[in-house]
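Observations on chain architecture
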Amino acid sequence: MAFSSLAEIDDYMKTNKYEFWEAVIREEARDSQQPEMDIVNRMTQMYRSMKEADGAYDDSLTSHSGLSGKNGKKMANYAATHKCMCGEFGGAVMAKAIKMAESNACMKRIVAAPTAGSCGVVPAILITYERMTNTSENDMVKALFVAAGIGDVIARRASISGARGGCQAEIGSASAMAAGALVCLQGGDAEAIMHGAALALKNMLGLVCDPVAGLVEVPCIKRNSYGAVNAVTSAQLAVAGIRSAIDPDEVIDSMRRIGNQLPACLKETSEGGLATTESARHYQS
């Protein structure tokens, strides 16, 4: 896609009377010189792969390091058998986000959304929403195009790489994408979608990338759960009519500046933050 800002997507929508998801598809077709149906079919397969990965979660596995595994099942059991304060939807979202991230750590097949380290956020919300509302696959794929449009703008204006921008660029971007997708599913217009994404990203600004033992496991996996819940909260605020006081594109630009200001020790090098704690040294030995 060639959109360089959310405002540009909004203008394109207004000029052509498109929905957000439709604008993303049309621009991708123009930019890639591929038929729209081929683009939709690929995204549909990607969504199905997300669902397959969710269904293939194995609660008997632990990662090679021993740092992760089985917590997704624990959260799912708690959500199913206790009075989860986040409600049925929130509890399921938390469990699915952890499950997907654990599957990544255990070398199972996942879909990067937008990265492998943040692979649990978007599918956790979309899969849970489809299951609980019986929404059609077609509408779920439209929401995934909304997420993709937001993610592409973030990648162009800032970064989706923890090594470049810190964890705000991975979990933060995924949370913004998921928030926009959920607003779309709940009938929000383009303004609500963009502000839902902005609210989610604002809440993740400054989040550092400090993987213990250099692995995308601690604190990364649990952050998928936090990013997903943050997306739900942000989407609900946006659908309620609450708007970000800071322009959505300016929020993205702020993330870029903050990422540039973060020292290298807090950008995936494991030379700062949680990675240098006494507990972390135990896992490095």
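For the structure itself, look to the data block above.
Residues numbered from 1 in each chain as written. Predicted model: local features only at pLDDT ≥ 70, side-chain atom pairs only at ≥ 80, totals over all residues. Heavy atoms only, no water.

Considerations on the overall build of the protein chain
- Counting secondary structure elements, the protein chain contains 13 helices and zero strands.
- For the protein chain, the sequential pattern of α-helices and β-strands runs α-α-α-α-α-α-α-α-α-α-α-α-α.
- Taken against the 2.2 N^0.38 rule, which gives 19 Å for 285 residues, the C-alpha radius of gyration of the protein chain at 18 Å falls within 12% of a compact globule.
- Taking all 285 residues of the protein chain together, the buried fraction comes to 53%.
- A fraction of 73% describes how many contacts in the protein chain between residues 6 or more apart in sequence connect residues 24 or more apart.
- Looking at the protein chain as shown, the accessible area adds up to about 12600 Å², and 51% of this sits on carbon and sulfur atoms.
- For the protein chain, the distance from the average position of its 28 positive side-chain charges to the average position of its 32 negative side-chain charges is 4 Å. (Helix = DSSP H or I, 4+ residues; strand = E, 2+ residues; numbered from the N terminus. Rg over C-alpha atoms; globule rule 2.2 N^0.38 Å. Buried < 20%, exposed > 50% of the residue type's maximum accessible area, 1.4 Å probe, protein only. Contact = heavy atoms within 4.5 Å. Areas by Shrake-Rupley, 256 points an atom, 1.4 Å probe, with all protein chains shown as cover. Lys, Arg positive; Asp, Glu negative; His and termini not counted. Charge placed at Lys NZ, Arg CZ, Asp CG, Glu CD.)

Quick notes on the nonpolar core
- Ranked by size, the top nonpolar core spans 71 residues in total, and within it F20, L126 and I150 carry the most contacts.
- Ranked by the residues each element gives to this core, the list is headed by helix 9 (residues 171-185), at eleven residues.
- Apart from residues no more than four positions distant in its own chain, F20 is found in contact with L6, I9, M13, V146, I150, A190, I193 and M194.
- Counting residues in hydrophobic clusters, the runner-up holds eight residues, among them M75, C84, A95 and A105. (Core = buried A, V, L, I, M, F, W, Y, C linked by side-chain atoms within 4.5 Å.)

Observations regarding the packing of aromatic side chains
- Here the structure, examined in full by the defined rule, presents two aromatic pairs.
- Here F3 and Y12 contribute two aromatic rings whose centre-to-centre distance is 5.3 Å and whose plane-to-plane angle is 65 degrees, an arrangement assigned as edge-to-face.
- Take Y12: its relative accessible area is 22%, and that puts it in the partly exposed class.
- By way of ring pairs, the aromatic residues F3, Y12 and Y18 are connected into one cluster. (Phe/Tyr/Trp six-rings, centres within 6.5 Å; stacked < 30°, edge-to-face > 60°.)

Here we look at unusual backbone geometry
- With omega at 5 degrees, the peptide bond leading from A113 into P114 counts as cis.
- One can find P114 in the loop between helix 5 (87-105) and helix 6 (121-133).
- V218 connects to P219 through a cis peptide bond whose omega is 5 degrees.
- Along the chain, P219 falls in the loop between helix 10 (190-202) and helix 11 (220-239).
- One non-glycine residue, Q33, lies in the positive phi region at around 60 degrees.
- Relative to the helices and strands, Q33 is located in the loop between helix 2 (20-32) and helix 3 (36-55).

A short note on the pattern of salt bridges
- Under the defined criterion, the tally for this structure stands at 14 salt bridges.
- Here R26 and E22 are joined by a salt bridge, their closest N and O atoms 3.4 Å apart. With R26 and E22 both in helix 2 and four residues apart, this pair spans about one turn of that helix.
- Judged by its relative accessible area of 18%, E22 falls in the buried class.
- Exposure remark for R26: the relative accessible area of 26% places this residue in the partly exposed category. (Salt bridge = Lys/Arg side-chain N within 4 Å of Asp/Glu carboxyl O.)

Considerations on the environment of Y129
- As for its placement among the helices and strands, Y129 is situated in helix 6.
- Spatially, the C-alpha atoms of Y129 and L185 are 8.6 Å apart, while their sequence positions differ by 56 residues.
- In this structure Y129 touches F89, N134, T135, M140, L182, L185 and Q186, once residues within four positions along its chain are discounted.
- In terms of polar contacts, Y129 uses its side chain to reach the backbone carbonyl oxygen of L185, at 3.3 Å. (Polar contact = N/O pair within 3.5 Å; in protein donor to acceptor, adjacent residues only side chain to side chain.)

Overview of the state of the cysteines
- Taken as a whole, this structure holds zero disulfides when the rule is applied.
- C84 takes part in no disulfide bond, and the closest cysteine sulfur, belonging to C86, lies 4.6 Å away.
- Given the relative accessible area of 13%, C84 is considered buried.
- Here C209 is not disulfide-linked; the sulfur of C167 is the nearest cysteine sulfur, at 5.9 Å. (Disulfide = S-S within 2.5 Å.)

Observations regarding the environment of S279
- Of note, S279 is situated in helix 13 (residues 278-284).
- On the basis of relative accessible area, S279 is assigned to the exposed category, the value being 52%.
- Residues S279 and V212 lie 67 residues apart in sequence; the distance between their C-alpha atoms is 9.1 Å.

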